[in-house]
Every structure is written in C-alpha cells, then in structure tokens.
Amino acid sequence: EENHKKNFAASLETTLEKNKPHLIKAYLDQYIIKQDRAKKILSVAVYNHYKRMKHGYENSDTEIEKSNVIMLGPSGCGKTALLQHLSKLLDIPFAVTDASSLTEAGFVGADVEVAVRNLYYAADKDVEKAEHGIIYLDEFDKIARKSGENNSITADPGHEGVQQALLKMLEGSQVEFTARGQRKHPEAPTIKVNTQNILFIVGGAFVGIDGIIAKRLQKSSANIGFGAKVEGEKDKATFDELIHQVTPEDLMKYGIIPEIIGRLPIICTLETLDENALLRILTEPVNAPVRQYEKLMAMDHVDLKFEDGALRAVAKKAIERKTGARSLKGIIEDVMLDIMFEIPRSDETRRVTITEACITKNAPPEIELIEEEPTSQSA
C-alpha cells in the first residue's frame, strides 16, 4: 500500500513535467477551435490539481484548496469535447455524468454516488486512480432550484436536494456505492472512494442566465445612462459579452445554492461558435469530420472532395438547428450515406465531389472515374 502511494507520488513528478499549462493548451489547440480563454483556464486548473496532490503527498502543513471549475457556454460549443481530449492527454480517469439524471435518494433516478461510480469504472476499478480523477457533471444548470417563479409544486425533486448531496461530494467525503448491476441493500458489498482529491468540473448551457447578468449590469449603471439601452436589443453578440461577465451572485440568482458556488471557485465561460468557427471545425482539427471521411473513402480508392460552398452549407445547417458543433458530423453522414453504400460495389478509382446542392437540395454527389494515368478523365 505504502509503496503504491510512493509510486503514485513519483509519477506525479513526470505528469507535472509533461503537463505544464502551455503544453496542455497546445495539445487542446489541435482538436478544439477557438475557446482560448476556456483552454487556458482548464490547463491551469488541471496543472494546479496535480501540484495540489503532489503537495499533499509531501507536506502536511497548509492544505491547498481544490480548484473545481464551473463551465458555462451554449449547447455545442465544446465543453464536453474539451474535457474528453484533456483526459486523453492526461491519462487520468475521467467520467461524464449527466447531472439532470441525478436525484435525491428516494426519488426515482440515479443518486449522486453514480458520478463517483462512473469514475471508478473509468479508472478500471483502481480506487487509488479514481481518487485522483476528474468528474464532469454535464447539464448542471438543470438542477438549479426553481426559485419562486412559477413554483406551484411544493416538492422540488432532486433540485435543492441533489445540490445538497453533491455538496458533500465536492467537499471531499468517503462515497460508498455498490458495484454495477447490484441492487442497494444492506448486505450488498460496497466500494469506498474518497473524493477529496477528485477534480470536479460542472458545466451547462445555463439558458437565460444572460438575462440575469444584463439586469444586474443595468441596475449598477442605470444612473450613468447605460440603462437607456433599447429593450429588445438581444443579439447573439451580447450573449457572449454578457456570459464572460458572470459572477457567483448571478449563479445564485439562477438557483445554484451558495455553498456549491463556494466550492466552484473557477468560472470558465465559452462563447457561441459562429459560422466561420464551425467551418474550421469541419476541416482543421486532427480528427475533423472531413478528414475522417477522406480517410474512410481513400480506403475504397476514392478521392473525396468537398466544395467550399458545401462546407459552408453544413455550418449554416448546424446553426439553424442550434446544436453547435455537435451535429456537424451527422449532417455530413446523411449526405455520405448513399455514396458509402454504393462505392464499395466496384474497385475503380474515382473522385467524389460533394457540392453545395448535395447539402441544401439533397442532390447526389458528383462521381467521376479516374484512369490510373492521371492525364485522361472520363466522367
């Protein structure tokens, strides 16, 4: 046991060396477009997370507080993607749990322990590894208290109660859970995981929080004449401007209990992805959808080309659906389906061009045969 701990402490040294903030950010840049500020915040938070653990192994004097993070940003702007790539780089267990599926014990749903259980399985059932992992709670805004407004029902299943239960976990407690597939009953063997060194990152779209921020800013500057801003001027740009100015007080107004906000000292905000950002996501990252399909098709002797207009049309469609980057691959997949089905029928070398009409009007892609000598071409 002691040796295991010593080894872990020693491995932290190399982890820290390899994962200085600028190195983490450079890695994330290969996969994630924009969101520079969020990348910086996460890189520093993770680096400090490791420094804190190393300090904990070596000293017993001052305890360094844990820097849990709360991420706010519209749907499909890269919150989960950032963290998934982060965990790959760090080779530490990372588990995403949907906060909106958590309920207070006694209500139907999953208890907060599920988040720790997911991490334990992500760590291949190694408790020590799990105790130093990262838990990401998605859809965190969905467990906000329904404060005062339209609150006709007296019970608020799994909102305030879930927050109270999560608080214990954030503060660092021994969490017990049964193995997967086991019913909870007194005789069931339990697994114990201490959450003291687990980094918690919570995230959500926090729809409507821009309204709360705007109200506060208007109040504080109404006397300077800023409050004279015409009502109804809520364009996209202002959402991004506002979200970066969010304060802990705004989050409380939104319905997150103060104690939890106290345990989430780092607020990380992400901006909406515009058409140009979505275009870059289609082609630039190491794992960009366009690159993936080019490689897949090349295995069938196909030279796949996307017209610029086609890619722009894909980005426009994603914006219409309000799903951000998440639906880009699906939109291309729809267009590629018939081609991917038909192409393997023959072994000829072909060029397939996806045009704008393929995306906007469901037109079939253009296919031409390529003779082995690249001089002559016949369609």
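Summarised in this report is the structure supplied together with it.

Calculation criteria
Residues numbered from 1 in each chain as written. Predicted model: local features only at pLDDT ≥ 70, side-chain atom pairs only at ≥ 80, totals over all residues. Heavy atoms only, no water. Helix = DSSP H or I, 4+ residues; strand = E, 2+ residues; numbered from the N terminus. Buried < 20%, exposed > 50% of the residue type's maximum accessible area, 1.4 Å probe, protein only. Contact = heavy atoms within 4.5 Å. Core = buried A, V, L, I, M, F, W, Y, C linked by side-chain atoms within 4.5 Å. Expected span 1.5 Å × (residues − 1). Pairing = 2+ DSSP bridges. Axes fitted to C-alpha atoms, helices over the stretch in contact; angles between N-to-C directions. Phe/Tyr/Trp six-rings, centres within 6.5 Å; stacked < 30°, edge-to-face > 60°. Parallel < 35°, antiparallel > 145°, perpendicular 65-115°, else oblique. Left-handed = near helix turned anticlockwise from the far one by under 90°.

Right, let's talk about the side chain of Lys39 for a bit. One can find Lys39 in helix H3 (residues 36–58). With a relative accessible area of 2%, Lys39 lands in the buried category. Among residues more than four places away in sequence, those in contact with Lys39 are Lys25, Leu28, Asp29, Ile32, Ile33, Lys34 and Leu82.

All right, on to unusual backbone geometry then. Positive phi, close to 55°, is recorded for Asp124, a residue that is not glycine. Counting through the fold element by element, Asp124 comes out in the loop between helix H5 (113–122) and helix H6 (127–130). For Asp124, a relative accessible area of 62% corresponds to the exposed category. Phi at Phe206 takes a positive value of approximately 45°, unusual for a residue other than glycine. With respect to the helices and strands, the residue Phe206 is situated in the loop between strand E6 (199–204) and helix H8 (209–221).

Let us look at the side chain of Thr247. In this fold, Thr247 is placed in the loop between helix H9 (236–243) and helix H10 (248–254). Here Thr247 is in contact with Arg216 and Ile267, once residues within four sequence places are set aside.

Another point: the nonpolar core. Core analysis: the biggest nonpolar cluster contains 60 residues, and Met71, Ile201, Met336 and Ile354 have the highest contact counts within it. If one sorts the elements of this core by residue count, H3 sits on top with eight residues. Every residue in contact with Met71, bar those within four places of it in the chain, is listed here: Leu42, Lys79, Leu82, Leu83, Tyr136, Ile201, Val202, Gly203, Gly204, Phe206, Cys268 and Leu270. Membership of the second largest hydrophobic core comes to 49 residues, among which are Leu170, Phe177, Val246 and Tyr254.

Here helix H7 (residues 160–171) contains twelve residues, and its C-alpha end-to-end distance of 16 Å stays within 8% of the 16 Å for a straight helix at 1.5 Å per residue. Looking at the buried residues of H7, the elements they touch are H5, strand E3 (134–138), strand E4 (174–178), E6 and helix H11 (258–262). A positive phi of about 100° marks Gly172, the residue just after H7.

Moving on to the sheet that holds strand E2 (residues 94–98). The strand order E2-E3-E6-E1-E7 describes an open sheet built from five strands, whose pairing is parallel. Two strands lie at the open edges of the sheet, namely E2 and strand E7 (266–269), each paired on one side alone. Pairwise comparison of adjacent strand axes, ignoring direction, gives a mean angle of 20° for this sheet.

Here we take up the environment of Glu275. Position of Glu275 among the secondary structure elements: in helix H12 (residues 275–283). Considering only alpha carbons, one finds Glu275 and Ala315, 40 residues apart in sequence, at a separation of 5.7 Å. Contact partners of Glu275, with chain neighbours within four places excluded, come to Arg312, Ala315, Lys316 and Ile319.

Applying the stated criterion to the full structure yields four aromatic pairs. Look at Tyr27 and Tyr31: their rings are 5.2 Å apart centre to centre, the planes differ by 55°, and that puts the pair in the tilted class. Within this pair, Tyr27 and its partner Tyr31 are both found in helix H2 (residues 21–31), separated by four residues, close to a single helical turn. Its relative accessible area of 16% is what places Tyr27 among the buried residues. An aromatic cluster of three or more residues is present, and its members are Tyr120, Tyr121 and Phe177.

Once that is clear, we can look at the pairing of strand E8 (residues 302–306). Because side chains alternate across E8, one face comprises the buried residues Val302, Leu304 and Phe306, and the other comprises Asp303 and Lys305, none of which is buried. Relative to strand E9 (residues 350–354), E8 is paired through five bridges, and the arrangement is parallel. Within E9, the position partnered with Val302 by the bridge is Arg350.

What follows covers the packing of H12 against helix H14 (residues 308–321). Contact geometry of H12 with H14 gives a least axis separation of 9 Å together with a crossing angle of 120°. One way to sum up the angle between H12 and H14 is to call them oblique. As for the relative orientation of H12 and H14, their crossing is right-handed in sense. Judged by residue contacts, Glu275, Asn276, Leu278, Leu279, Leu282 and Thr283 of H12 engage Leu311, Arg312, Val314, Ala315, Lys316, Ala318 and Ile319 from H14.

Taken across its six residues, E6 has six buried, putting it largely inside the fold. Every second residue of E6 is oriented toward a common face, with Leu199, Ile201 and Gly203 on one face and Phe200, Val202 and Gly204 on the other, all of them buried. Note: strand E1 (residues 69–72) against E6, four bridges, orientation parallel. When the bridges of E6 are listed, Leu72 appears paired with Gly204. The sheet contact formed by E3 and E6 spans four bridges and is parallel. Its bridge partner being in E6, Ile135 is matched across the sheet by Phe200.

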